[in-house]
Amino acid sequence: MLLASLDPAAVAAGHDLDDAVRIAGSTLSRSDLVGAGTSVAERVGSQVGPRGRIAVLATPTPTTVLAVIGCLIAGVPVVPVPADVGVAERRHILTDSGAQAWLGELPDEPEGLPHIPVRLHARSWHRYAEPPPESTALIVYTSGTTGPPKGVLISRRAIAADVDALAEAWQWTSDDTLVHGLPLFHVHGLVLGLLGSLRIGNRFVHTGKPSPEAYAAAAGSLYFGVPTVWSRVVRDPDSARTLASARLLVSGSAPLPVPVFDELVRLTGHAPVERYGSTESLITLSTRADGERRAGWVGTPVAGTSTRLIDEAGDEVPHDGESIGRLEVKGSTLFDGYLNRPDATADVLGADGWYRTGDVAVVDADGMHRIVGRESVDLIKSGGYRIGAGEIETVLLGHPDVVEAAVVGVPDDDLGQRIVAFVVGVADPKALSDFVAEQLSVHKRPREVRIVESLPRNAMGKVLKKELS
Ligand code: MCA
Ligand code: AMP
């Protein structure tokens, strides 16, 4: 069973847990999750049927938790919609996914879709058969270098395989209390944090905004964060020291700067576990609870996963800790393609099962991996969010005051990369930034808009992004 701790028979037989999930000031027991989640499943099943797809505005609330659990019980794929989504991105996600209804929280503008409410106090004890492992659990929208976000088809099998592999690497058990304050519309917060906890059966605490104080107050044993969170934690030494009582601190979604790693060691006594992955592959590399944790390195393949490094000629690169190659991964945690996009799927997923990650890496003789960078400057990681320069440029070019636009990620101590837009035109920078936030989502808004006379271009007319910073 995917959500193994929510087995109705086991819960009825006394394997309950009073505080299985704590989120937004509410506490839900396992029997609350089973009873209310099954009631959601009944409604979803009767309104959209097993071939349906359901949009969930993924705010960090009990409603969202029950909406996701209900769909997973019913076997109906969930389309998590970013909580801070804007107009154009919301329309794109709804149209592309073919979602038939909103479940749970409602956005300002439902775009004509019906609404299925989540009733927190409703209960059903109907027993559903477990949907097939190959069926789609989630369709998670993620940015590419160009065009609007693509829907990544994630199966139940991939989620189960990844959580089990990470449990083995991190010695993650039902005795843990897992804490994070990450969004529930991406793999890190939703798949690893929430669904992982419901599979393993540990207590799960969502802190709301992932501030150092909130992490310190949560008294967890296992903490997840993106590097921006950890860098904020080490800048608050009192909160950081409180985390000394934890068992394991885990960082991922973007490179953890070495000084932040070192400060975590100094203040908490813990060398953080670093792990690497993507929406398409889930988490494929990690250092281990019982192994070396080396600053700047993301570990070895998790159980069921293999990797290879490929050079320009398509040959394998030696594992000598220095030779750089394109990282490819293969295994049971991979996605089943992009929804409606066989072309884009074929670009990254070979018939031989290797997924081309778009990242470049080195591997040492012990199989330890270091991510060196990305192949494309057009994929930006800011605060752990993956953002395509192209989608922001398209929105900016749709503004009447903009003649030309180029978007880059500039190194930033707090966010890893900061989104900066270079714009030719007579425009108000703040208005342009707000325009992107309204159309795409708040976290995609440029931190800076610089109005320039012209953009540097090569002889072919292509913008020279490396000259913009
Ligand atoms: C920001 N603000 C602004 C502007 N920029 N206001 C006006 N104009 C601007 N240009 C506002 C924000 O809305 C926010 O307001 C406040 O300023 C602080 O913003 P910020 O610095 O962004 O901090 P934050 O809102 O606290 O966000 C930092 C964060 C966040 C919490 C680290 O970036 C985050 O949650 N990141 C996680 C992303 C993630 O989960 N990625 C995983 C992808 P206000 O305070 O009012 O809100 S999955 C993945 O990558 C794979 C599978 C993997 O490996 O995990
Ligand atoms: P996303 O689709 O949001 O899951 O982003 C996936 C991308 O995040 C990867 O292809 C990497 O570029 C980056 N990433 C994830 N984890 C790490 C890490 N530990 N170190 C460096 N980059 C990472």
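Residues numbered from 1 in each chain as written. Chains lettered and ligands numbered in written order. Predicted model: local features only at pLDDT ≥ 70, side-chain atom pairs only at ≥ 80, totals over all residues. Heavy atoms only, no water.

- The name given to the protein in an unreviewed UniProt entry is Acyl-CoA synthetase, and the organism recorded there is Mycolicibacterium sediminis.
- Recorded in UniProt for the protein, the comment headed Sequence similarities (unreviewed entry) runs: "Belongs to the ATP-dependent AMP-binding enzyme family." (UniProt positions renumbered as here; feature names shortened; annotations may be inferred.)

## Description of the site of ligand 1
So, point 1. Neighbouring ligand 1 are 25 residues; Lys209, Ser253, Arg275, Gly383 and Arg447 lie closest to it.
So, point 2. Take Lys381: an N or O atom from its side chain is 2.8 Å from an oxygen atom of ligand 1.
So, point 3. Measuring from a nitrogen atom of ligand 1, one finds a backbone N or O atom of Gly383 at 2.7 Å.
So, point 4. Considered on its own, ligand 1 offers 1100 Å² of accessible surface; in the complex 70% of this is hidden by protein.
So, point 5. Among the secondary structure elements, those contributing two or more residues to the shell around ligand 1 are helix H6 (187-200), helix H8 (227-234) and strand E13 (273-278).
So, point 6. The greatest single-element share of the shell around ligand 1, amounting to three residues, is contributed by E13.
So, point 7. When the residues that make up the shell around ligand 1 are grouped by side-chain class, the tally is nine nonpolar, ten polar and six charged. (Near = heavy atom within 4 Å. Polar contact = N/O pair within 3.5 Å; in protein donor to acceptor, adjacent residues only side chain to side chain. Areas by Shrake-Rupley, 256 points an atom, 1.4 Å probe, with all protein chains shown as cover. Helix = DSSP H or I, 4+ residues; strand = E, 2+ residues; numbered from the N terminus. Nonpolar A, V, L, I, M, F, W, Y, C, P; charged D, E, K, R; others polar.)

## Observations concerning the sheet that holds strand E12 (residues 248-251)
To summarise the sheet geometry, strands pair through backbone hydrogen bonds and adopt either a parallel or an antiparallel arrangement.
So, point 1. Pairing is mixed in the open sheet, where nine strands are placed in the order E2-E1-E10-E9-E11-E12-E13-E14-E15. Edge strands, defined here as strands with exactly one partner in the open sheet, are strand E2 (26-28) and strand E15 (300-301).
So, point 2. Of the pairings in the sheet, the one linking strand E1 (residues 21-23) to strand E10 (residues 203-206) comprises two bridges and is parallel in character. Within the sheet, the bridge partner assigned to Arg22 lies in E10 and is Val205. (Pairing = 2+ DSSP bridges.)

## Overview of the packing of aromatic side chains
So, point 1. Enumeration over the complete set of coordinates arrives at eight aromatic pairs.
So, point 2. Relative to Tyr385, the ring of Phe185 has its centre 6.2 Å away and its plane inclined at 10°; by these criteria the two rings are stacked. Highlighted residues: Phe185 in the loop between strand E9 (177-180) and H6 and Tyr385 in strand E21 (residues 385-388), separated in sequence by 200 residues.
So, point 3. Geometrically, the ring pair formed by Phe335 and Tyr355 is edge-to-face, given 5.5 Å between the ring centres and 75° between the ring planes. Placement of Phe335 in the loop between strand E17 (325-331) and helix H11 (342-348) and of Tyr355 in strand E18 (residues 355-363) is noted, with a sequence separation of 20 residues between them. Like Phe335, the residue Tyr355 is buried in the burial classification.
So, point 4. Three or more aromatic residues link up through ring pairs in this structure, and these residues are Trp170, Trp172 and Phe224.
So, point 5. Over the ring of Trp297 we find Arg294; its NZ or CZ atom is 4.6 Å from the centre of that ring.
So, point 6. The aromatic ring of Trp297 is capped on one face by Arg370, whose charged end is 5.6 Å from the ring centroid. (Phe/Tyr/Trp six-rings, centres within 6.5 Å; stacked < 30°, edge-to-face > 60°. Buried < 20%, exposed > 50% of the residue type's maximum accessible area, 1.4 Å probe, protein only. Lys NZ or Arg CZ within 6 Å of the ring centre and 35° of its normal.)

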